[in-house]
Amino acid sequence: MTSYTSTQVRRRSVAVQVGSAVVGGSAPVVVQSMTNTDTADIEATAKQVAELSRAGSELVRITVNTPEAAAAVPHIRDRLAFYAERTGDKRLAPAPLLSRLAAEGQGFASLKPPKGAAA
């Protein structure tokens, strides 16, 4: 029987703190996924986040692109049996929506380099 081993060289990247996980840099690979539900559908999105987590995803992203989706986030988080951090990606959500959420105290943590990491 033939055994195949492969060593892949990782592309250089900057380490970024996403909630409690460090992604990129020399950090271990983090399994990530993204839901394909309408985030405003609280039950379907919470179910899919839980399924992805059970399947091994360490980070599950959801789209918050409308006020209805933003309003659903706390309810989705409440339905999960594990800690779910809210981290915003300003590429996916309109700036006025993120600004409004921050003003209402619903703001998401910003992506930031981990302590001690070179930018």
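In what follows, the structure referred to is the one given above.
These figures come from a predicted structure and were not determined experimentally.

Focus: the overall build of the chain
Alright, step 1. Helices and strands together make up the secondary structure of the chain, namely three helices and four strands.
Alright, step 2. The buried share of the chain, reckoned over its 119 residues, is 27%.
Alright, step 3. Long-range pairs, those at least 24 residues apart, make up 56% of the contacts in the chain with a sequence separation of at least 6.
Alright, step 4. When the accessible surface of the chain is summed, it comes to about 8400 Å², and 54% of that surface belongs to carbon and sulfur atoms.

Some thoughts on the pattern of salt bridges
Alright, step 1. Considering all chains together, one arrives at two salt bridges under this definition.
Alright, step 2. Among the salt bridges present, the one from Glu-43 reaches Arg-79, with a minimum N-O distance of 2.4 Å. Taken together, the positions of Glu-43 in helix H1 (residues 42-54) and Arg-79 in helix H2 (residues 67-79) put the pair 36 residues apart, joining distant regions of the chain.
Alright, step 3. A salt bridge links Lys-47 to Glu-51; the nearest nitrogen and oxygen atoms lie 3.8 Å apart. Of this pair, Lys-47 and Glu-51 both sit in helix H1, separated by four residues, roughly a single helical turn.

Quick notes on the environment of Arg-11
Alright, step 1. Counting through the fold element by element, Arg-11 comes out in the segment before strand E1 (16-18).
Alright, step 2. Given a relative accessible area of 68%, Arg-11 falls into the exposed group.
Alright, step 3. Distance in space between the C-alpha atoms of Arg-11 and Gly-25 is 8.8 Å, their sequence separation being 14 residues.

Structural notes on the environment of Asp-78
Alright, step 1. With respect to the helices and strands, the residue Asp-78 is situated in helix H2.
Alright, step 2. With a relative accessible area of 62%, Asp-78 lands in the exposed category.
Alright, step 3. Taking C-alpha positions, Asp-78 is 8.9 Å from Ala-46, a pair spaced 32 residues apart along the chain.

Remarks on H1
Alright, step 1. The end-to-end C-alpha separation of H1 is 18 Å, in line with the 18 Å expected for 13 residues at 1.5 Å each.
Alright, step 2. The complete set of buried residues in H1 reads Thr-45, Ala-46, Gln-48, Val-49 and Ala-50.
Alright, step 3. Those residues of H1 that are buried are in contact with strand E4 (59-61) and H2.

Calculation notes
- Residues numbered from 1 in each chain as written.
- Predicted model: local features only at pLDDT ≥ 70, side-chain atom pairs only at ≥ 80, totals over all residues.
- Heavy atoms only, no water.
- Helix = DSSP H or I, 4+ residues; strand = E, 2+ residues; numbered from the N terminus.
- Buried < 20%, exposed > 50% of the residue type's maximum accessible area, 1.4 Å probe, protein only.
- Contact = heavy atoms within 4.5 Å.
- Areas by Shrake-Rupley, 256 points an atom, 1.4 Å probe, with all protein chains shown as cover.
- Salt bridge = Lys/Arg side-chain N within 4 Å of Asp/Glu carboxyl O.
- Expected span 1.5 Å × (residues − 1).

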